[in-house]
Amino acid sequence: MAGRGSLPEGSLFLGFDSSTQSLKATVLNNELTIVASEIVNFDSDLPHYKTEGGVYRDPADDGHIYSPTIMWVEALELLLEKLKTKINFSEVVAVSGSGQQHGSVYWKKGSHPLLSSLDPGKSLLSQLKDAFSTMDSPIWMDSSTTKQCREIENAVGGALELAKLTGSRAYERFTGPQIRKIYETTPDIYEDTERISLVSSFMASILVGSYASIDETDGAGMNLMDINQRTWSKTVLEATAPGLEGKLGNLAPAYSVAGRVAPYFVQRFQFDKNCLVIQWSGDNPSSLAGLTLNTPGDLAISLGTSDTVFGITAEAKPSLEGHVFPNPVEPDGYMVMLCYKNGSLTREDVRNQCAEKSWDVFNSYLEKTPPLNGGKLGFYYKDHEILPPLPVGFHRYIVENFNDVSSDNVVEREVEEFDPPSEVRAIIEGQMLSMRGHAERFGMPNPPKRIIATGGASTNGSILKSIAQIFGCPVFTVQRPDSASLGAALRAAHGWLCNAEGSFVPISCLYEGNLEKTSLGSKLVVPAGEKEEDRELLKKYTLLMRKRMEIERRLVEKIGRA
Ligand code: ADP
Ligand code: XUL
């Protein structure tokens with residue numbers, strides 16, 4: 001067996017990430033080096049579901065966005081099939097995973113016996129297709145529950161009270177409001193549900209062949225968990241739907257064991273029968289683990305389907321903006337996070353409209369336009385935005401006189417359109433200015449000591465350059481942009497070690513003093529500008545950021561979701 005911090009020779013740790021557009025896997029060996037990775041893209045590998053970006057948009061219900069639950073099951077089978085040509089599953093000693101946060105799955109009454117006696121001679125798909133009380137899983141992109149959000153907030157004494165209790169005010173995508181909508185609009189489905197899983201605990205349930213607990217970190221994305229006690233809050237449960245606690249099961253820390261892998265996977269894929277399944281958690285929390293984010297001055301920016309900004313903190317200080325979740329790799333600390341819906345898909349739209357559907361052209365436009373974009377400020381909401389709560393729409397302004405930093409005369413005028421290169425710069429600068437403004441307002445480090453960028457768009461050096469200029473700090477990346485599945489593999493190792501030691505062990509024990517030799521080390525990609533002209537530029541960005549926050553506030557007052 002392993003001594004403290006060491007993992008058994010020849011062992012593998014498998015991490016999944018069930019995200020919006022794909023299911024990914026990363027495999028680490030006992031030296032924490034990546035030995036394999038694989039992906040199933042929902043649209044292209046499972047075209048029969050006819051999803052776009054992994055989701056369905058309901059034309060009859062504005063903001064209702066969901067995914068077919070069973071697609072995630074089929075994706076898991078396909079990914080395991082692909083992966084078995086690359087690794088020997090019998091060497092895997094622990095598996096974990098991450099899921100897109102907030103999305104939920106509704107197990108039909110009587111499904112547990114089905115789940116716990118899967119026949120290895122048959123596909124998962126054929127056996128689980130009738131196990132759900134609804135085939136549609138609401139996901140994080142959904143914004144159709146504003147009414148339920150207000151109902152829940154009012155029932156507990158207001159938005160701030162709910163934030164203090166659960167770590168966040170009510171958000172449309174959070175699972176509690178989603179459950180309440182199902183209870184209110186389709187009570188028969190609610191009634192017919194014996195267990196509600198998150199995407200994370202759903203996938204863990206399949207792997208252990210029994211209902212897995214919701215982990216405390218992803219559980220904090222439901223508006224149902226007491227953030228200080230890490231137990232379900234009776235007050236909010238009552239405000240959400242009757243009889244809910246029984247449908248949720250227990251909570252568990254993210255580093256605890258969900259169970260041993262089910263016989264189905266032992267017989268069909270030759271997993272070892274002692275292989276542990278460590279609780280799955282959310283994708284952002286798993287990224288936090290994968291980026292080895294453990295310094296309060298560091299900030300992570302994830303540019304995936306959603307854009308998120310997150311960091312760690314010792315104390316929970318929830319407010320009306322942003323989210324507080326338990327740190328997934330520590331028993332006491334917290335992670336703080338901001339989330340944007342208009343991330344990569346909205347950038348892709350602008351790229352397709354203005355830059356010949358090519359990231360190279362997009363980047364050449366970014367490079368040929370000057371920083372600050374001549375004061376052109378854009379707000380691009382292809383989907384109803386989360387932060388700020390604004391509806392679909394593009395808004396463009398030109399800010400004048402901001403070159404004189406001391407001027408009180410900084411005014412903006414609204415315009416219809418920008419030329420294509422300016423549009424490209426405006427969507428990038430706009431998002432980074434918004435992140436900086438909101439991060440400061442939420443009490444995140446200002447300026448950060450460094451930013452670690454991750455997610456699909458973090459491979460884009462031109463975007464990273466803008467981040468460094470706007471935040472005024474160095475930008476780092478890790479070896480691979482899919483830090484969520486990497487983090488899940490690392491969490492699998494962490495959970496395995498905690499289990500072997502019989503008590504909690506800090507995750508840093510796995511890599512301390514050795515990080516650069518593993519696949520987890522980060523590298524500097526854009527240094528902070530140290531010249532006088534860089535400092536001048538930063539001051540101007542600060543001014544533009546304030547202006548942007550002011551325009552945004554007015555937009556929210558005028559057209560925001562109440
Ligand atoms: P998910 O949230 O599904 O895990 P990913 O982190 O895999 O998403 O990111 C996928 C996104 O990355 C795609 O939608 C794509 O727009 C974006 N992307 C990929 N390459 C680039 C690039 N060079 N520049 C900007 N964005 C990119
Ligand atoms: C976080 C959020 C998104 C999803 C995307 O609150 O809604 O980042 O986790 O997968």
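Rules of the game
- Residues numbered from 1 in each chain as written.
- Chains lettered and ligands numbered in written order.
- Predicted model: local features only at pLDDT ≥ 70, side-chain atom pairs only at ≥ 80, totals over all residues.
- Heavy atoms only, no water.
- UniProt positions renumbered as here; feature names shortened; annotations may be inferred.
- Near = heavy atom within 4 Å.
- Polar contact = N/O pair within 3.5 Å; in protein donor to acceptor, adjacent residues only side chain to side chain.
- Areas by Shrake-Rupley, 256 points an atom, 1.4 Å probe, with all protein chains shown as cover.
- Nonpolar A, V, L, I, M, F, W, Y, C, P; charged D, E, K, R; others polar.
- Core = buried A, V, L, I, M, F, W, Y, C linked by side-chain atoms within 4.5 Å.
- Buried < 20%, exposed > 50% of the residue type's maximum accessible area, 1.4 Å probe, protein only.
- Domains from an automatic or database assignment.
- Pairing = 2+ DSSP bridges.
- Helix = DSSP H or I, 4+ residues; strand = E, 2+ residues; numbered from the N terminus.
- Contact = heavy atoms within 4.5 Å.
- Axes fitted to C-alpha atoms, helices over the stretch in contact; angles between N-to-C directions.
- Buried area = accessible area lost by both parts, 1.4 Å probe.
- Phe/Tyr/Trp six-rings, centres within 6.5 Å; stacked < 30°, edge-to-face > 60°.
- Arc of directions from axis to C-beta.
- Patch = residues over 30% accessible without salt bridge, like charges linked within 9 Å, V, L, I, M, F, W, Y side chains within 5 Å.
- Salt bridge = Lys/Arg side-chain N within 4 Å of Asp/Glu carboxyl O.
- Lys, Arg positive; Asp, Glu negative; His and termini not counted.
- Charge placed at Lys NZ, Arg CZ, Asp CG, Glu CD.

- Naming follows an unreviewed UniProt entry, where the protein appears as Xylulose kinase of Eragrostis curvula.
- The Function (unreviewed entry) comment attached to the protein in UniProt states, word for word, "Mediates 1-deoxy-D-xylulose (DX) phosphorylation in the cytoplasm prior to the translocation of 1-deoxy-D-xylulose 5-phosphate into plastids. Can also phosphorylate D-xylulose (Xyl). Uses preferentially ATP as cosubstrate."
- Quoted verbatim from the Sequence similarities (unreviewed entry) field of the UniProt record, the comment on the protein reads "Belongs to the FGGY kinase family."

1. Some thoughts on the site of ligand 1
Here is step 1: Close to ligand 1 lie 14 residues; Ser19, Lys24, Thr305, Glu348 and Gly456 are nearest.
Here is step 2: Glutamine 21 places a side-chain nitrogen or oxygen 3.2 Å from an oxygen atom of ligand 1.
Here is step 3: Between ligand 1 and the protein, one listed contact pairs an oxygen atom with a side-chain N or O atom of glutamate 348 at 2.5 Å.
Here is step 4: Taking 590 Å² as the accessible area of ligand 1 by itself, protein coverage stands at 79%.
Here is step 5: Taken together, the residues that form the shell around ligand 1 break down as 2 nonpolar, 10 polar and 2 charged.

2. With respect to the nonpolar core
Here is step 1: Membership of the largest hydrophobic core comes to 158 residues, with the highest contact counts inside it found for Leu14, Phe16, Phe265, Phe271 and Ile467.
Here is step 2: Shared between two domains, this core takes at least three residues from each, and those domains are domain 1 (290-341 + 478-525) and domain 2 (344-448 + 526-559).

3. Some details on the sheet that holds strand β8 (residues 136-138)
Here is step 1: With respect to topology, 3 strands assemble into an open sheet ordered β4-β5-β8, the strand pairing being antiparallel. If you trace the sheet from one side to the other, it starts and ends with β4 (56-57) and β8, each paired once.
Here is step 2: With 3 bridges joining them, strand β5 (residues 65-68) and β8 adopt antiparallel strand pairing. Paired with serine 67 across the strands is serine 137, a residue of β8.
Here is step 3: Where helix α2 (residues 69-83) meets the sheet, its contacts fall on β5 and β8, and the angle it forms with β5 comes to roughly 45°.

4. Points about the site of ligand 2
Here is step 1: With respect to spatial proximity, the complete set of residues near ligand 2 consists of Thr20, Gln100, Gln101, His102, Trp140, Arg173, Asp283, Asn284, Ser306, Thr308, Met337 and Cys339.
Here is step 2: In this structure, an oxygen atom belonging to ligand 2 sits 2.8 Å away from a side-chain N or O atom of arginine 173.
Here is step 3: A distance of 2.4 Å is found between an oxygen atom of ligand 2 and a side-chain nitrogen or oxygen belonging to aspartate 283.
Here is step 4: In the complex, the protein chains occlude 98% of the 290 Å² of accessible area that ligand 2 would expose alone.

5. Observations regarding the domain arrangement of the protein
Here is step 1: Domains assigned within the protein are domain 1 (290-341 + 478-525) and domain 2 (344-448 + 526-559).
Here is step 2: On a C-alpha basis, the centres of domain 1 and domain 2 stand 28 Å from each other.
Here is step 3: Between domain 1 and domain 2, the residue contacts involve 26 residues of the former and 21 residues of the latter.
Here is step 4: Across the domain 1/domain 2 interface, buried area totals approximately 2000 Å², and carbon plus sulfur atoms make up 65% of it.

6. Re the packing of aromatic side chains
Here is step 1: All told, the structure shown has 17 aromatic pairs when counted by the stated rule.
Here is step 2: A ring pair is formed by phenylalanine 16 and tryptophan 280, whose centres lie 5.6 Å apart and whose planes are at 15°; its orientation type is stacked. Here the residue phenylalanine 16 occupies a position in strand β1 (residues 12-18), and tryptophan 280 occupies one in the loop between β15 (276-278) and β16 (281-282), the gap between them amounting to 264 residues.
Here is step 3: Looking at phenylalanine 16, the relative accessible area reads 0%, which means it is buried.
Here is step 4: The exposure class of tryptophan 280 is buried, given its relative accessible area of 1%.
Here is step 5: Through a chain of ring-to-ring contacts, three or more aromatic side chains come together here, namely Phe89, Tyr264, Phe265, Phe269 and Phe271.

7. Some details on helix α5 (residues 146-156)
Here is step 1: All of the buried residues along α5 are Gln148, Cys149, Ile152, Glu153 and Val156. Down the axis, α5 shows its buried residues gathered within 130° of arc, on one side only. Among the exposed residues of α5, those oriented more than 90 degrees off its buried face are Asn154 and Ala155.
Here is step 2: Against α6 (159-166), α7 (175-185) and α11 (234-240) lie the buried residues of α5.
Here is step 3: Once α5 finishes, glycine 157 follows within two positions and takes phi at roughly 100°, a positive value.

8. With respect to a negative patch on the surface
Here is step 1: Together, Glu414, Glu416, Glu417 and Asp419 make up a region of like negative charge exposed at the surface.
Here is step 2: Mapped onto the secondary structure, glutamate 416 falls in the loop between β23 (411-415) and α17 (420-441).

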